[in-house]
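# Architecture and fold: a report
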Amino acid sequence: MEALILDIQRMSTEDGPGLRTTVFFKGCNLACGWCHNPESISFKPDLNWYMNKCINCDSCKDICPNGVLIKDESGVHFKDRSKCLTCGKCVDECPGAGIELKGKKISVEKLKNELLKDRAYFGHDGGVTLSGGEVMMQPQAATELAKLLKADGVSVAIDTAGCYAWSLLESILPYADIFLYDLKIFDADAHKKHTRVDNAHILDNYKRLIATGARVWVRTPLIAGATDGEDNIKAIAEFLRDNGLPERWELCTFNNLCKDKYTRLDLDWEYKAHEKTKKSYAEKLKETAQKYVPCAVYSGVTTE
Ligand code: SF4
Ligand code: SF4
């Protein structure tokens, strides 16, 4: 069995308890406008272009069998990304490491062995986090990986948005030590507007998950104009209070540090100029949240 992964990130302190190694699966069924991992959304490898390494030789454009690349005064661009065959010819031809295909298939067994190399620093509370994209869009590979890691005594965290049939979550439940569960927007229409999907599955799966007694951290990104309204935080807080409290509720402040990722994908990003969350506002939202959910905290960088 194989998994399509984007990357492995080591020594992470932001993907669950303790020190963790995070493996990012490729492919997501949501389309949140503020996504910090745009290169993980597509279900196939993506071309990334690095302007600072490109020597403008045209080799990639000339070798492409499908006319995917064009060039103008600002450099290489994607004429029609959907036509890319992910053949990698442009990457092989590039003399300057200016272009890279991100996303690779790897056997689950090999991936497990790679992840186990880090076990010395996991300590008591750390381990491996399966993230994405949406890791549960590759349910068999994710469940098999979690099973193998668990059998080797490694703590497994599942970072998920929960937007799929309950049976998928249920099948990984025996091998997961903790879930990092995204609740972004409570109002169904607003959820659909900002993520392109309905939140009925997400809310229902949360209720089922918490009822199993699973260890759960809920995470809510604070995005101006989309998720950070006091009414949204209050609505999620009431939902958690009424359906079962998580161990921790993290309000994740916004930054635009990922904007270069969008540039490398030749995409415009509507949030590129958005300011970081103000500390005073994060504090205010935390206080609102804590009226209903005492374990609420905020995390990430803020501005004064
Ligand atoms: S991966 Fe292949 S099809 Fe895609 S842009 Fe490069 S050469 Fe063209
Ligand atoms: S082959 Fe590499 S260096 Fe040449 S134009 Fe393409 S990205 Fe730039």
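Before reading further, recall that the structure is shown in the block above.
Report on the accompanying structure.

The rules behind these values
- Residues numbered from 1 in each chain as written.
- Chains lettered and ligands numbered in written order.
- Predicted model: local features only at pLDDT ≥ 70, side-chain atom pairs only at ≥ 80, totals over all residues.
- Heavy atoms only, no water.
- Phe/Tyr/Trp six-rings, centres within 6.5 Å; stacked < 30°, edge-to-face > 60°.
- Helix = DSSP H or I, 4+ residues; strand = E, 2+ residues; numbered from the N terminus.
- Buried < 20%, exposed > 50% of the residue type's maximum accessible area, 1.4 Å probe, protein only.
- Lys NZ or Arg CZ within 6 Å of the ring centre and 35° of its normal.
- Near = heavy atom within 4 Å.
- Nonpolar A, V, L, I, M, F, W, Y, C, P; charged D, E, K, R; others polar.
- Core = buried A, V, L, I, M, F, W, Y, C linked by side-chain atoms within 4.5 Å.
- Contact = heavy atoms within 4.5 Å.
- Expected span 1.5 Å × (residues − 1).

## Points about the packing of aromatic side chains
Under the defined criterion, the tally for this structure stands at nine aromatic pairs. Each ring, one from phenylalanine 254 and one from tyrosine 271, has its centre 6.2 Å from the other, and the planes form 55 degrees; the classification is tilted. Separated by 17 residues along the polypeptide, phenylalanine 254 in the loop between strand S12 (248-252) and helix H9 (259-264) and tyrosine 271 in the loop between H9 and helix H10 (279-290) bring together distant segments of the chain. Across the pair, exposure class does not vary: phenylalanine 254 and tyrosine 271 are buried alike. An aromatic cluster is defined as three or more aromatic residues linked by ring pairs; in this entry it consists of Trp34, Phe254, Tyr262, Trp269 and Tyr271. The ring of phenylalanine 78 has arginine 81 lying over it, and the distance from NZ or CZ to the ring centre is 4.3 Å. We note arginine 248 situated over the ring of tryptophan 217; from NZ or CZ to the ring centre the distance is 4.7 Å.

## Digging into unusual backbone geometry
A cis amide bond links glycine 132 to the next residue, glycine 133, at an omega of 20 degrees. Locating glycine 133 in the fold gives a position in the loop between strand S8 (127-131) and helix H4 (139-151). In this structure, alanine 97 is a non-glycine residue whose phi angle is positive, near 55 degrees. Given a relative accessible area of 47%, alanine 97 falls into the partly exposed group. Within the chain, arginine 196 stands out as a residue other than glycine whose phi angle is a positive 70 degrees. Tracing the backbone through its elements, the reader meets arginine 196 in the loop between helix H6 (188-195) and helix H7 (200-211). Take arginine 196: its relative accessible area is 65%, and that puts it in the exposed class.

## Section: the site of ligand 1
Around ligand 1, the neighbouring residues are Leu47, Cys64, Pro65, Val68, Cys84, Leu85, Thr86, Cys87, Gly88, Lys89 and Cys90. Taken together, the residues of the shell around ligand 1 sort by class into eight nonpolar, two polar and one charged.

## Considerations on the site of ligand 2
Close contacts around ligand 2 come from 13 residues, with Cys54, Ile55, Cys57, Cys60 and Cys94 the closest. Among the residues making up the shell around ligand 2, the classes are represented as nine nonpolar, three polar and one charged.

## Details of the nonpolar core
Of all hydrophobic cores here, the largest spans 68 residues; its most connected members are Leu130 and Trp249. Those residues in contact with leucine 130, other than ones at most four positions away along the chain, are Val23, Phe25, Val135, Ala142, Leu145, Ala146, Leu149, Val156, Ala157, Ile158 and Asp159. Core analysis: the second largest hydrophobic core is formed by twelve residues, Leu47, Val68, Phe78 and Ile99 among them.

## What to know about the environment of leucine 173
Here leucine 173 lies in the loop between helix H5 (166-172) and strand S10 (178-182). Those residues within four positions of leucine 173 in sequence are excluded, and the remaining contacts are Phe179, Leu209, Thr212 and Ala214.

## Some thoughts on the environment of glutamine 138
Here glutamine 138 lies in the loop between S8 and H4. Residue classification places glutamine 138 among the buried positions, given a relative accessible area of 14%. As for glutamine 138 and aspartate 72, which are separated by 66 residues in sequence, their C-alpha atoms are 38 Å apart.

## So, H4
In this model H4 runs 18 Å from its N-terminal to its C-terminal C-alpha over 13 residues, within 8% of the 18 Å that 1.5 Å per residue would give. Turning to H4, its buried residues are Ala141, Ala142, Thr143, Leu145, Ala146, Leu148 and Leu149. On its buried side, H4 packs onto strand S1 (2-12), strand S2 (20-25), helix H3 (108-116), S8, strand S9 (156-160) and H5. Directly beyond the C-terminal end of H4, a positive phi value near 80 degrees is found at glycine 153.

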